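For reference, the chains in residue letters:
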Amino acid sequence: VRDSLGESGLLIAAVVAVTAMAGSLYLSEGALFVPCLMCWYQRIAMYSLAVILVLAAARRDWGVRPYALALALLGPAISLYHYVIERQPDLEIGGDGTCAAYGPPCTTRWIEDQFGYVSIPFMALSAFLLVATVLVAARVSAPDYDEHDGERDADEPSEFVTMQSVRVKEPA
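Residues numbered from 1 in each chain as written. Predicted model: local features only at pLDDT ≥ 70, side-chain atom pairs only at ≥ 80, totals over all residues. Heavy atoms only, no water.

Trainee: Please give an account of unusual backbone geometry that cites residues and values.
Mentor: The residue Leu-32 is not glycine, and still its phi comes out positive at about 60°. As for its placement among the helices and strands, Leu-32 is situated in the loop between helix H2 (9–30) and helix H3 (37–59). A positive phi angle is found at Arg-60, which is not glycine, with a value near 55°. Assignment of secondary structure puts Arg-60 in the loop between H3 and helix H4 (65–87). Residue Arg-60 is classed as exposed on the basis of its relative accessible area, which comes to 71%. (Helix = DSSP H or I, 4+ residues; strand = E, 2+ residues; numbered from the N terminus. Buried < 20%, exposed > 50% of the residue type's maximum accessible area, 1.4 Å probe, protein only.)

Shown next, in the form of structure tokens:
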């Protein structure tokens, strides 16, 4: 899998995050589904992830991997909780409808479950996990990339030429 993803992992992860973001915007702005509190928390994670990954993919900057992974692993926790309370409303923390105080109840199923289990929180969960999987599985093959700190190793050559490295011959 690492070899097949190669350096395109950032781009693939960015496409998944942007697609999830566009889908959530369609559901709220096109289909007029009012997002609940848990939906907003998932949106915060996914929209941030989309921006970070698009910029990183454009710059081919693998140094963002730890930050993107943090969001890509926080998102599923929110999505999974939302998915659980959607099915078992009495498991909602607080149990007093606190979620509904900020908008529609988090237990509202806006779309019919496809195959008996696919709902909006499940789709968000899937997108977060796909992004995380791609980020973990993708290979960073640049020889001058240090995965620990995202910085170029001092002893590795750089593709950038500095003025100190250019020697100009004096006219004779």
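Trainee: Which residues make up a nonpolar patch on the surface, and what values go with them?
Mentor: A cluster of nonpolar side chains, namely Trp-40, Tyr-41 and Ile-44, defines an oily patch on the protein surface of about 330 Å² accessible area. Its place among the elements puts Tyr-41 in helix H3. (Patch = residues over 30% accessible without salt bridge, like charges linked within 9 Å, V, L, I, M, F, W, Y side chains within 5 Å. Areas by Shrake-Rupley, 256 points an atom, 1.4 Å probe, with all protein chains shown as cover. Salt bridge = Lys/Arg side-chain N within 4 Å of Asp/Glu carboxyl O.)

Trainee: An account of H2 is requested, with residue identities and associated values reported.
Mentor: When the terminal C-alpha atoms of H2 are compared, their 30 Å separation across 22 residues agrees well with the 32 Å that a helix rising 1.5 Å per residue should span. The first or second residue beyond H2 is Leu-32, which carries a positive phi of 60°. (Expected span 1.5 Å × (residues − 1).)

Trainee: Outline the packing of aromatic side chains, supporting the account with residue identities and numerical values.
Mentor: Scanning all chains against the criterion turns up one aromatic pair. Ring centres of Tyr-83 and Phe-122 lie 5.7 Å apart, and the angle between their planes is 50°; on these two criteria the pair is classed as tilted. Here Tyr-83 is found in helix H4, whereas its partner Phe-122 is found in helix H5 (residues 120–137), with 39 residues between them in sequence. By relative accessible area, Tyr-83 is classed as buried at 15%. Assessed through its relative accessible area of 23%, Phe-122 is described here as partly exposed. The ring centre of Trp-40 lies 5.0 Å from the NZ or CZ of Arg-43, which sits over that ring. (Phe/Tyr/Trp six-rings, centres within 6.5 Å; stacked < 30°, edge-to-face > 60°. Lys NZ or Arg CZ within 6 Å of the ring centre and 35° of its normal.)

Shape descriptors only; they carry no functional weight alone.
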